[in-house]
Amino acid sequence: MKRELEQALEQARQEQARETAQIVEQIKALPRDEDGVFDLSSVEEGQEVKRVLYPVYAAYETECNKKEGYPDILAQMRVMDARLQEHYDMREAAVYMDMALGTLTYIDQQIYEYYRELMDLYKKNVRRFIREFYGESGPVAGEEPEGQARVMFREGVRRACREHILLEDKYGIYCQGASSPEHV
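Calculation criteria
- Residues numbered from 1 in each chain as written.
- Predicted model: local features only at pLDDT ≥ 70, side-chain atom pairs only at ≥ 80, totals over all residues.
- Heavy atoms only, no water.
- Buried < 20%, exposed > 50% of the residue type's maximum accessible area, 1.4 Å probe, protein only.
- Helix = DSSP H or I, 4+ residues; strand = E, 2+ residues; numbered from the N terminus.
- Arc of directions from axis to C-beta.
- Contact = heavy atoms within 4.5 Å.
- Phe/Tyr/Trp six-rings, centres within 6.5 Å; stacked < 30°, edge-to-face > 60°.
- Lys NZ or Arg CZ within 6 Å of the ring centre and 35° of its normal.
- Core = buried A, V, L, I, M, F, W, Y, C linked by side-chain atoms within 4.5 Å.
- pLDDT = per-residue confidence, 0-100.

### Points about helix 2 (residues 21-28)
So, step 1. Turning to helix 2, its buried residues are I23, V24 and I27. Down the axis of helix 2, the sector holding all buried residues measures 100 degrees, keeping them to one side.
So, step 2. Close packing links the buried residues of helix 2 with helix 1 (2-13) and helix 3 (46-63).

### Some details on the packing of aromatic side chains
So, step 1. By the definition in use, this model includes nine aromatic pairs.
So, step 2. Members of the aromatic cluster, joined through ring pairs, are Y88, F129, F133, Y134, F153 and Y174.
So, step 3. The residue whose ring lies beneath R150 is Y134, and the NZ or CZ to ring-centre distance is 4.4 Å.

### Here's the deal with the nonpolar core
So, step 1. Core analysis: the largest hydrophobic core is formed by 60 residues, its most contacted members being L53, V56, M77, Y122, F129 and F153.
So, step 2. Contributing elements (two or more residues each) for this core: helix 1, helix 2, helix 3, helix 4 (70-86), helix 5 (90-106), helix 6 (112-133) and helix 7 (148-162).
So, step 3. With eleven residues, the top contributor of residues to this core is helix 5.
So, step 4. When near neighbours in sequence (up to four residues on either side) are disregarded, V56 contacts L5, A8, L9, I23, V24 and I27.

### Topic: the confidence of the model for the protein
So, step 1. For the protein, mean pLDDT is 87; residues scoring 70 or higher make up 89% of the total.
So, step 2. Across the protein, the secondary-structure element scoring lowest on mean pLDDT is helix 1, at 82, and the one scoring highest is helix 4, at 98.
So, step 3. Scored below 50 in pLDDT, residues 178-184 makes 13 contacts in the model with residues more than four places away or belonging to other chains.

Printed below as a string of structure tokens:
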């Protein structure tokens, strides 16, 4: 499923979102848990799939479905955020922020309330990640990354700064040493 989603996301990036309709129908048919979030427990690489699934869903809703799925996307993001806040874990936080940032890329800014809410969820988690895993002093010069989660976080901050979601003057120090996306 991950390969199909990555192909659909690439099509969406090339503004060929109509070609994603079949995969989005599969996404919408996924079972949901008691809170209405897609249940990916039966999907191999569920966490990795999640990072691509929601951006594909958002791209389709923006380009082909008149944004009708935005309430569903944001409802799921709220639930996933609440779960993350209860048990804040570096890996889970990095995956959530990567997924949220990828999804935010495809949410139409003209539908402000959805775009803004997702941006606020993303920023809140960036601030908490920094507080929890870097401390008040920020990154230490020469500090080695602590694995894939930190690399994913740094690359996400770099993307968010490039897309003017985060201020580079304030958050640029957290993306130093970020790997290219192929390494994430």
